[in-house]
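Read off the chains here:
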Amino acid sequence: MEQTFIILKPSTIIRGLVGDVMTRFQRKGLRIAGIKMLQLDEDILRRHYAHLVDKPFFPLILKSMMATPVIVAVLAGKDAVTVVRTMTGATNCRKADPGTIRGDFGMSGQENIVHASDSVENAKAEIERFFKPEEIFDYTLPTQAALYAADEL
Ligand code: ADP
């Protein structure tokens, strides 16, 4: 099954939304393949957000993403990258569709609840950046036969 990577950002920890966000992913049928808490630092954020380091708002991202520890997770399921990005919604919470996580839980462009990998290649790189192989678990949910048709597996 495809894997994707998410970060529950500090604002999500501070606002007490960890359970609400993770519940959405679980209820959708995504399998938690790995999950842990860690403190981000500037070095890893410069690599994770390499496409943004030259933006004027990058210092704000650094401060915000290091404000508390974060929760990182690997979610698995068919087309997991696209499914999770669709559930996450547009970058700016004020423009994200209702029903998406950002659309339902946030008001900010920067403090937007959750990071989600935007491609299969980036998901692979991000999982390798944040997780050791032994921290990712390959198990089958007993619900799998009810979540997918036989020809989807
Ligand atoms: P996404 O998280 O939707 O994939 P990006 O990769 O473009 O979006 O941006 C990474 C993160 O940087 C965003 O989630 C958001 O927290 C922050 N960010 C992006 N654009 C802006 C902006 N114009 N002003 C402030 N923060 C921003």
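Look a little higher up for the structure.
Here's a quick rundown of the structure.

Procedures and definitions
Residues numbered from 1 in each chain as written. Predicted model: local features only at pLDDT ≥ 70, side-chain atom pairs only at ≥ 80, totals over all residues. Heavy atoms only, no water. Core = buried A, V, L, I, M, F, W, Y, C linked by side-chain atoms within 4.5 Å. Buried < 20%, exposed > 50% of the residue type's maximum accessible area, 1.4 Å probe, protein only. Helix = DSSP H or I, 4+ residues; strand = E, 2+ residues; numbered from the N terminus. Contact = heavy atoms within 4.5 Å. Polar contact = N/O pair within 3.5 Å; in protein donor to acceptor, adjacent residues only side chain to side chain. Phe/Tyr/Trp six-rings, centres within 6.5 Å; stacked < 30°, edge-to-face > 60°.

## Observations regarding the nonpolar core
At step 1: Phe5, Ile7, Leu40, Tyr49, Met65, Val72 and Phe130 are the most contacted members of the largest nonpolar core, which has 20 residues in total.
At step 2: Put simply, the parts of the chain that give this core at least two residues each are strand E1 (3-8), strand E2 (31-38), helix H3 (42-48), helix H4 (58-65), strand E3 (70-76) and helix H7 (120-130).
At step 3: Beyond its immediate stretch of four places on either side in the chain, phenylalanine 130 contacts Phe5, Ile7, Lys36, Leu38, Leu40, Ile44, His48, Val72 and Glu135.
At step 4: Counting 19 residues, the second largest nonpolar core, distinct from the first, contains Ile6, Phe25, Ile32 and Ala73.

## With respect to the side chain of serine 64
At step 1: Assignment of secondary structure puts serine 64 in helix H4.
At step 2: At a separation of 3.1 Å, a polar atom in the side chain of serine 64 contacts the side chain of glutamate 111.
At step 3: If near-sequence neighbours (up to four positions away) are discounted, serine 64 is found in contact with Pro10, Gln110 and Glu111.

## Section: H4
At step 1: Burial in H4 covers these residues: Phe58, Ile61, Leu62, Ser64 and Met65.
At step 2: In this structure, the buried residues of H4 make contact with E1, helix H1 (10-14), H3 and E3.

## Quick word on the packing of aromatic side chains
At step 1: All told, the structure shown has two aromatic pairs when counted by the stated rule.
At step 2: On the basis of an interplanar angle of 20° and a centroid distance of 4.8 Å, the ring pair of phenylalanine 5 and phenylalanine 130 is categorised as stacked. Here phenylalanine 5, found in strand E1, pairs with phenylalanine 130, found in helix H7; they are 125 residues apart in sequence, far enough to count as distant. For the pair phenylalanine 5 and phenylalanine 130, a shared accessibility class is recorded, and that class is buried.
At step 3: When the centroid spacing of 6.4 Å and the interplanar angle of 80° are considered together, the rings of phenylalanine 5 and phenylalanine 131 count as edge-to-face. Placement of phenylalanine 5 in strand E1 and of phenylalanine 131 in the loop between H7 and helix H8 (144-147) is noted, with a sequence separation of 126 residues between them.
At step 4: Phenylalanine 5 gets classed as buried once you look at its relative accessible area, which sits at 0%.
At step 5: Judged by relative accessible area, phenylalanine 131 falls into the buried class, the value being 5%.

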